[in-house]
Amino acid sequence: MIESSLQSEPVLMPAGKPAGRTIRSVAAYAALTALLFLPPMFVFVPAALIHCGLRNGRRAAWIALALAVPIAGMLMLQAPQGSSAADVKMAYAYFMALVVAVAVPALLVLPMVERRDSFGRVLVAALIASVGGLALTEIVMQLFAHFSPYALHAVQAGEMAKAMLTNNPKMPSTGSAAVFAKTLASVALFCLPAFLLMDIVIVFVLSLVMVGRVVAWRQFVETRTLPESAPYLFRNFSLPEWLAVAFVAAGLSPLAHGMVQKVGANVLAVVVFLYFMQGLAIFRALLAAIGASFIGVLFAYGTLAILAFTGLSPLLLTVAGLFDSFFDFRHFNRKDHSDESHSD
């Protein structure tokens, strides 16, 4: 549906670009990427690398990453005095995860961005690559440092959940509310890998939106025209239809046991979050379609936030995202609507 309407010609790099200019550009992107590795700006690492690839080519983007990694390592891996061995190892694991689960997947999906594949396909491909990167981080740290970053993360999350349940004066110690809170904490710990992947989803959504905005603005400055299609506006975010099969399969995980149940539950949590994001994109598209003013947009999102406390708006948005493949909620706004006056 939406994917086919967003296809266009691949991005063509300018021919005859001077070598010196390319070298300076790659060096600048390498320095920028290294600085973006620092929290909380790491959410835009994929944007910097993808934009470098669009301007200078794929090989240049890989070179920029190769130059940025040692610089970022020197900035991030300086352990403060009094740090424990576990803290040092965790810092190395965190840095490695940023490289292989965020930066490298961004370059792996660069050809898809050059072809202007749909937002959802690019995001899912990057997410699958990120799963491999997180697994690689865990394996390498266990083999060479005899340390499990996931195990430490799980312990810290468990201690935080326990502290919230026991030290919160508003939390009842008995009754159905207490049972519900403990069950929710247990589910959160059970689906901890899914929450890590949700963070990565947000990283790539923000970066792809940023890339779309920068490319559109660059074209507007050079030609005073807007792009005919804008696949990386958030309102155009649409997941591949086959993801519904993963949703159904993962939904059967409560019937399984052991590792199969845990993997299924985590896949289900990630897929539900992706459909929630698609529901938000539908909501954003509807606001753009009716020409909502800035005040109207603020009021609409404020209402969503208020309803989120009741659980109603997340449920409705997730359901809308899940059934978008069948009902095509944005069909009336998908052909020529690339109005850049609305911010995503």
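Residues numbered from 1 in each chain as written. Predicted model: local features only at pLDDT ≥ 70, side-chain atom pairs only at ≥ 80, totals over all residues. Heavy atoms only, no water.

A few points about the overall build of the protein chain
Item 1. Looking only at helices and strands, the protein chain has 14 helices and 0 strands in total.
Item 2. By the burial criterion, 43% of the 344 residues in the protein chain qualify as buried.
Item 3. When contacts within the protein chain are restricted to residue pairs at least 6 apart in sequence, those whose partners lie at least 24 apart make up 79%. (Helix = DSSP H or I, 4+ residues; strand = E, 2+ residues; numbered from the N terminus. Buried < 20%, exposed > 50% of the residue type's maximum accessible area, 1.4 Å probe, protein only. Contact = heavy atoms within 4.5 Å.)

Examining the layout of surface pockets
Item 1. In this model, the largest pocket occupies a volume close to 1,300 Å³.
Item 2. Lining the largest pocket are 40 residues, and of these Leu134, Pro193, Leu196, Leu197 and Ile200 sit closest to its centre.
Item 3. Put simply, the parts of the chain that give the lining of the largest pocket at least two residues each are α5 (85-108), α7 (119-145), α8 (149-167), α10 (192-223), α11 (243-251) and α12 (258-289).
Item 4. A per-class count over the lining of the largest pocket returns 34 nonpolar, 3 polar and 3 charged. (1 Å grid on protein atoms, 1.4 Å probe; cavity = no way out; pocket = protein on both sides within 12 Å on 5 of 7 lines; lining within 4 Å. Points joined across faces, edges and corners; volume = space filled by probe spheres on them. Nonpolar A, V, L, I, M, F, W, Y, C, P; charged D, E, K, R; others polar.)

A few points about helix α2 (residues 19-36)
Item 1. For α2, built from 18 residues, the straight-helix expectation of 26 Å at 1.5 Å per residue is met to within 8% by its first-to-last C-alpha distance of 25 Å.
Item 2. Looking at α2, one finds that the buried residues are Thr22, Ser25, Val26, Tyr29, Ala30, Thr33, Ala34 and Leu36.
Item 3. The elements touched by buried residues of α2 are α3 (45-56) and α4 (58-76). (Expected span 1.5 Å × (residues − 1).)

Looking at the pattern of salt bridges
Item 1. One pass over the structure, following the stated rule, counts 3 salt bridges.
Item 2. The closest approach of N and O atoms between arginine 58 and glutamate 114, which form a salt bridge, is 2.7 Å. In this pair, arginine 58 is assigned in helix α4 and glutamate 114 in helix α6 (residues 110-114), connecting sequence segments 56 residues apart.
Item 3. Note that arginine 330 and aspartate 324 form a salt bridge whose closest N and O atoms lie 2.9 Å from each other.
Item 4. Residue aspartate 324 is classed as buried on the basis of its relative accessible area, which comes to 2%. (Salt bridge = Lys/Arg side-chain N within 4 Å of Asp/Glu carboxyl O.)

A closer look at a nonpolar patch on the surface
Item 1. Taken together, the side chains of Leu315, Val319, Phe323, Phe326, Phe327 and Phe329 define a hydrophobic patch exposed on the protein surface, amounting to about 600 Å² of accessible area.
Item 2. Within the fold, valine 319 resides in helix α14 (residues 312-327). (Patch = residues over 30% accessible without salt bridge, like charges linked within 9 Å, V, L, I, M, F, W, Y side chains within 5 Å. Areas by Shrake-Rupley, 256 points an atom, 1.4 Å probe, with all protein chains shown as cover.)

Overview of the environment of valine 248
Item 1. Mapping valine 248 onto the fold places it in helix α11.
Item 2. Owing to a relative accessible area of 55%, valine 248 belongs among the exposed residues under this scheme.
Item 3. C-alpha separation for the pair valine 248 and valine 271, spaced 23 residues apart in sequence, amounts to 10.0 Å.

Describing the nonpolar core
Item 1. Phe37, Ile50, Phe234, Phe237 and Leu274 are the most contacted members of the largest nonpolar core, which has 72 residues in total.
Item 2. Among the elements that line this core, the one with the most residues is α10, at 11 residues.
Item 3. Setting aside anything within four residues of it in sequence, one finds phenylalanine 37 in contact with Phe42, Val45, Leu65, Ala72, Met76, Phe95, Leu98, Val99 and Ala103.
Item 4. Within the second largest apolar cluster, 5 residues are counted, among which are Ala93, Met141, Ala145 and Phe147. (Core = buried A, V, L, I, M, F, W, Y, C linked by side-chain atoms within 4.5 Å.)

A closer look at the packing of aromatic side chains
Item 1. Under the criterion given, the structure shown has 10 aromatic pairs.
Item 2. Ring geometry for phenylalanine 119 against phenylalanine 237: centres 5.1 Å apart, planes inclined by 75°, an arrangement best described as edge-to-face. Here phenylalanine 119 is found in helix α7, whereas its partner phenylalanine 237 is found in the loop between α10 and α11, with 118 residues between them in sequence. Residue phenylalanine 119 shares its accessibility class with phenylalanine 237, and that shared class is buried.
Item 3. Taking 6.3 Å as the distance between ring centres and 45° as the angle between the ring planes, the aromatic pair formed by phenylalanine 323 and phenylalanine 327 counts as tilted. With phenylalanine 323 and phenylalanine 327 both in helix α14, this residue pair falls 4 residues apart, about one helical turn.
Item 4. By relative accessible area, which is 36% here, phenylalanine 323 ends up partly exposed.
Item 5. Put simply, the rings of Phe119, Tyr232, Phe234 and Phe237 touch in pairs and so form one group of aromatic residues.
Item 6. The ring of phenylalanine 190 is capped by lysine 262, whose NZ or CZ atom sits 6.0 Å from the centre of that ring. (Phe/Tyr/Trp six-rings, centres within 6.5 Å; stacked < 30°, edge-to-face > 60°. Lys NZ or Arg CZ within 6 Å of the ring centre and 35° of its normal.)

Considerations on α3
Item 1. For α3, which comprises 12 residues, the first-to-last C-alpha distance of 16 Å matches the rise-based estimate of 16 Å (1.5 Å per residue) to within 8%.
Item 2. Of all 12 residues making up α3, 11 are buried, and the element is well covered by its neighbours.
Item 3. Those residues of α3 that fall on the buried side of the exposure criterion are Val45, Pro46, Ala47, Ala48, Leu49, Ile50, His51, Cys52, Gly53, Leu54 and Asn56.
Item 4. One or two residues past the end of α3 sits glycine 57, with phi positive at roughly 105°.

Examining the confidence of the model for the protein chain
Item 1. For the protein chain, the mean per-residue pLDDT works out to 84, and 83% of the residues sit at or above 70.
Item 2. Ignoring residues within four places in sequence, the model shows residues 333-342, a span with pLDDT below 50, making 25 contacts including any to other chains. (pLDDT = per-residue confidence, 0-100.)

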